[in-house]
Amino acid sequence: MTGRNKRVVLVSSDPFAQPVTRNRLISFMNVLKSKGVSVGFVCPASVDNKQYLPAGVELVEVPLNAERQANFVLRTLQEVRNARALLKAARNLSAGVYLLSIPSMFLAFLSPVY
């Protein structure tokens, strides 16, 4: 890995402040950093994200609509908009590798587009 390829960006549709997200991703971040890889993390904005993030990881918080829609169609459209916003923010970090944490199926489906 050289240049931009020596950078990995992790993307999650859940804030890093949530224990399930943090527990799943913190090991990846630490291993990558120990190998000299620059690590970025893109997730929904939360007041506690920075508190839990390992030192040296670049955090990009994306303000998303977190209101849970009761209607399935509206919830689907909202999740698509949120996934697109996260992927767009990740793309702006110019990494060689993007790793998606998939609580949202739309991150997986839309990632080839970005």
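The rules behind the values
Residues numbered from 1 in each chain as written. Predicted model: local features only at pLDDT ≥ 70, side-chain atom pairs only at ≥ 80, totals over all residues. Heavy atoms only, no water. Phe/Tyr/Trp six-rings, centres within 6.5 Å; stacked < 30°, edge-to-face > 60°. Helix = DSSP H or I, 4+ residues; strand = E, 2+ residues; numbered from the N terminus. Buried < 20%, exposed > 50% of the residue type's maximum accessible area, 1.4 Å probe, protein only. Patch = residues over 30% accessible without salt bridge, like charges linked within 9 Å, V, L, I, M, F, W, Y side chains within 5 Å. Areas by Shrake-Rupley, 256 points an atom, 1.4 Å probe, with all protein chains shown as cover. Salt bridge = Lys/Arg side-chain N within 4 Å of Asp/Glu carboxyl O.

Draft legend 1. Representation of the packing of aromatic side chains. In the structure shown here, the tally under the stated rule is one aromatic pair. Seen from their ring centres, F16 and F41 are 5.2 Å apart, and the 65 degrees between their planes marks the pair as edge-to-face. You can see F16 sitting in the loop between β1 (7-12) and α1 (19-34) and its partner F41 sitting in strand β2 (residues 38-44), a full 25 residues away along the chain. Residue class for F41 comes out buried when judged on its relative accessible area of 0%.

Draft legend 2. Here's a closer look at a nonpolar patch on the surface. Judged by side-chain polarity, F72, V73, L74 and L77 come together as a nonpolar surface patch covering roughly 400 Å² of accessible area. Within the element layout of this structure, L77 appears in helix α3 (residues 72-91).

Draft legend 3. Region of interest: the pattern of salt bridges. In the structure shown here, the tally under the stated rule is one salt bridge. Here E58 and R7 are joined by a salt bridge, their closest N and O atoms 2.4 Å apart. One end of the pair, E58, is in strand β3 (residues 58-62); the other, R7, is in strand β1, with 51 residues separating them in the sequence. A relative accessible area of 14% means that R7 is categorised as buried.

Everything listed is a geometric property; what it means functionally is a separate question.
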